[in-house]
Each structure stands twice: as C-alpha cells, then as structure tokens.
Amino acid sequence: MLNKKSVDDINVKGQKVLVRCDFNVPLQDGKITDENRLVAALPTIKKLVQDGGRVILCSHLGKPKGQPLPEMSLAPVAARLTELLGQEVKFAADPEVVGANAKLAVESMKDGDIVLLENTRYRAEETKNEDAFSKDLGSLADVFVNDAFGTAHRAHCSNVGVTKFVKTNVVGYLMQKEIDFLGNAVEHPERPFVAILGGAKVSSKISVIENLLDKVDVLIVGGGMSYTFSKAMGGSVGKSLLEEDYCDYALKMMKKAEEKGVKFLLPVDNVVADDFDNDANSQVVKAGCIPDGWEGLDIGPETAKLFADAVKDAKTVVWNGPMGCFEMPNFAVGTEVVAKALADTDAVTIIGGGDSAAAVNILGYGDKMTHISTGGGASLEFLEGKELPGVAAADDK
Ligand code: AMP
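These notes cover the structure that comes with them. It should be emphasised that the depicted structure is a prediction, and the values quoted were computed from it without experimental measurement. (Residues numbered from 1 in each chain as written. Predicted model: local features only at pLDDT ≥ 70, side-chain atom pairs only at ≥ 80, totals over all residues. Heavy atoms only, no water.)

A sheet is described by the order of its strands in space; here 6 strands give the open sequence β5-β6-β4-β1-β7-β8, paired in parallel fashion. The open sheet has two edge strands, β5 (89–92) and β8 (168–171), and neither has a second partner. Here the strands of the sheet are splayed against their neighbours by 25 degrees on average, with no regard to which way each runs. Inspection of the sheet shows strand β1 (residues 16–20) paired to strand β4 (residues 54–58) by 5 bridges, in the parallel sense. Bridging from a neighbouring strand, V19 pairs with L57 of β4. Here helix α2 (residues 75–85) sits on the sheet and contacts β4, β5 and β6 (114–117); the angle it forms with β5, its principal contact strand, is near 170 degrees. (Pairing = 2+ DSSP bridges. Helix = DSSP H or I, 4+ residues; strand = E, 2+ residues; numbered from the N terminus. Axes fitted to C-alpha atoms, helices over the stretch in contact; angles between N-to-C directions. Contact = heavy atoms within 4.5 Å.)

And the structure:
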C-alpha cells in the first residue's frame, strides 16, 4: 500500500513551500489554449495559501532543452493563475530559473504570497537530475510538494533531485488521487476487477498485460493490438496493424490467463475498411476473417456488446487504450460503446492517461468516470506495477 505524506499532514504556516505543478499547457501565440492543468492545480495551491505558506510554484513547459526560449516562458501561466486565484501570482522571470531575480522574489514573500518560477527546463541539468539545479531549487524552500503526476515516471531535478535538499517532502491533492486510484485501487481492487486494453501496439503494453494478468478477473483486449492475438490464433488479419514478432508472446499471455483463471476476451468481429480513411468503404467481418487488402479499424457490434456486458457487474474497471481509430468518427463507435458502458456501471472506473483519457473526454463521458489519470506515460508505468520515482521520493506516512 502506498502511503505517502500529503499536504494534509503538514503545517506550512510561515514556511517556504516549493510546489512542483504540471503547467505544461498548450500555447498558441502566447495564449493558453487549454487550461485544464491550471484549474486542476488550484486545490493544492489554495490549501497552502490558506494555511499561511509562502507558495513557490514551478513546472516545465515544452522542451526548451536547456535554453531560455521566450516562447516557452511560463509568464502567460502566471497571468492566468492570477485571474483564476483572484490573487497575484508573481512571475519570477529568470533565465537561470533560480538566479538573482528568483531569489529576490522569494526573499520578499509574505505568508500567503505566491511566486511562479520560470520553466525548469530552461536549465540543462533538469532532465538529467543533476545536483547543481536540484540544490538551487532546494535552497528556496523548507517544504517540497509534488503535484505533477505527468512527470512522476521521470527522475528530474524538480520532482526527484530536489527532495534530497529539502527536509519535508509530500504529495499534493492531484498526486494523492493518482496514487489512490492507479496505485491502491489497482493493487487492492474490489472484485470483479476488469481491465480493458486497447490502442495501437502490443509491444508498448507487454508489461501492463503481464502485471494486470496477476490481478484481474477479466482481461479484455481490443484496438489495434488485438490483431496480433488474432493472427497468433491462426486468423487472417488482412493489412491490419500486426506485430508478427509478438505472436508467440500473445499466445503465452493467453495461456497464462487460462492458468490463472482469468477470463480473456478478444474481439469476435471487426469493422474493416479498404483504406485508412474515415470515408473508406467499410464492412463488418468475423474476427480472424479479414479479407486481403482490408484492415480492422474498430471492434464490431457483437464485440462492443460482449465488452459492454463484461463491465456491467464489475466493481473495478481499468481502461487503457481505445478500441479502434476513434479519431475518425466512423471508427469511434466501439470506443464509444465501451465508454458508455463504463459511464453506466456502478464500478470504480479508472481511465489511464493519454489516448483513452482524450477519447472519454471527447465523447463526453469524462464526468462519469471515477478517475481519469492526468499522466499518459506515468499511468502506464503505474499499471506495469513499476515504482514511479516521483512518487517514491515523497516521505512515507
Ligand atoms: P496507444 O498510444 O498505443 O494507446 O494507441 C492509441 C492509438 O491507437 C490511437 O491513435 C488509435 O487511433 C490507434 N488505434 C486503435 N485501434 C487501431 C486500429 N485498429 N488500427 C490502427 N490504429 C488503431
């Protein structure tokens, strides 16, 4: 059980609190085009301000690769946070991130003030987790709060290195929620526990399949990766996505499922198209019977019903990866049926980050899920059963 200290376990009155947020927002001509990540960070920031902390925010933005590129400055984030919080968020413009200007801004803070540092990736040491920058960051604060789940699978200065130089290290509310759901709910699920995996490649989800097979009651595989399983069982998959090298692995996983008494569900039919195009000719065919020149771009209607039925009585459902090419409306039906089934069940529903999170939100079921992870790579590594450096670095309770 992951039991990390959080912002609820400390007293920050009069303390300098460095908070690692995920302000990696899309910018167009200096304007923020999606502010979800800023809004998501507000509860932790408000809590620390209310408790009388001196709140120093930091984050990376894009990939400036150690260069102070003006187009990746966090200045627009400070301006928008000021509006969202109704309180000044002072921007500490500083090409060194923790240079003279940032230090001055921090020294002038009073209890309840907020300062935002410049993009942590302006420093080349950041992504190498080198002590020089970790020490600089640590020198600013008494307490470190990590609330950036999206980078938790990476060991960088601003989420891991810094913890060596600060006495108290805790997680924020966003991180806590990810730990509760992706960590603890998956480790100690209410049963039946169903996992649904999809997306393009088997090869990118090998460790996820293996780890989940030790935990779930039902494993469902759809999406592009299902054709490798279909081929492995001797089916014809036309020109569908296929990883021939993984056919043996697919069979091994099916055998493992059988040995463990895990129900393993694969598509029984597919929507196939004669081109990778929304307007291509399409038809529904039985799984493993895809004609030459055609490719599977979605699960078929029988499969969608089979998968939806499988989650009806579940108590915990984890979903990672779309059931088809949901970006093309004509091949989004299978993904939508599964999303709706999750929305309708009483189970705890946990959506891995990245494409499945995007699909659920685009299809309008976002608010019906128990938890939608904010980190693509990080949520996948959690589901692989790996220890995330950004989580491990926080103090245990
Ligand atoms: P992943 O990042 O592995 O979760 O894969 C997500 C991508 O897989 C999405 O962009 C989907 O369009 C794509 N995908 C899902 N099913 C298929 C399919 N049957 N054929 C091709 N691509 C697919």
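Once you've had a look at it, read on.
Another aspect to go through is unusual backbone geometry. Only a minority of non-glycine residues have a phi that is not negative, and only a minority of peptide bonds are not trans. Cis rather than trans, the peptide bond between R191 and P192 has omega equal to 0 degrees. Structurally, P192 can be placed in the loop between α5 (173–187) and β9 (193–197). Located in the positive-phi region is D29, a residue other than glycine, with phi close to 50 degrees. For D29, the position within the fold is in the loop between β2 (27–28) and β3 (31–32). On the accessibility criterion, D29 (80% relative accessible area) is exposed. The phi dihedral of N129 falls on the positive side, at around 55 degrees, and the residue is not glycine. Mapped onto the secondary structure, N129 falls in the loop between β6 and α4 (131–139). (Buried < 20%, exposed > 50% of the residue type's maximum accessible area, 1.4 Å probe, protein only.)

Moving on, we get to the site of the ligand. The environment of the ligand is made up of 15 residues, and the closest members are A200, K205, G224, G296 and E327. Between the ligand and G224 there is a distance of 3.1 Å, counted from a nitrogen atom to a backbone nitrogen or oxygen. Protein chains shield 80% of the accessible area of the ligand, which is 510 Å² for the free molecule. Considered class by class, the residues forming the shell around the ligand number 6 nonpolar, 5 polar and 4 charged. (Near = heavy atom within 4 Å. Polar contact = N/O pair within 3.5 Å; in protein donor to acceptor, adjacent residues only side chain to side chain. Areas by Shrake-Rupley, 256 points an atom, 1.4 Å probe, with all protein chains shown as cover. Nonpolar A, V, L, I, M, F, W, Y, C, P; charged D, E, K, R; others polar.)

Mapping D136 onto the fold places it in helix α4. Residue class for D136 comes out partly exposed when judged on its relative accessible area of 23%. Beyond its immediate sequence surroundings of up to four residues, D136 is in contact with V98 and R123.

Scanning the model with the defined rule gives 23 salt bridges in all. Across the salt bridge formed by E125 and R123, the nearest N and O atoms sit 3.0 Å from each other. You'll find E125 and R123 in the same group, each marked buried. The salt bridge involving R191 is made with D217; its shortest N-O contact spans 3.1 Å. Residue R191 is located in the loop between α5 and β9, and its partner D217 is located in the loop between α6 (206–213) and β10 (218–221); the two are separated by 26 residues in the primary sequence. R191 gets classed as partly exposed once you look at its relative accessible area, which sits at 44%. With a relative accessible area of 27%, D217 lands in the partly exposed category. Three or more residues are tied together by salt bridges with common partners; here these are D8, K47 and D51. (Salt bridge = Lys/Arg side-chain N within 4 Å of Asp/Glu carboxyl O.)

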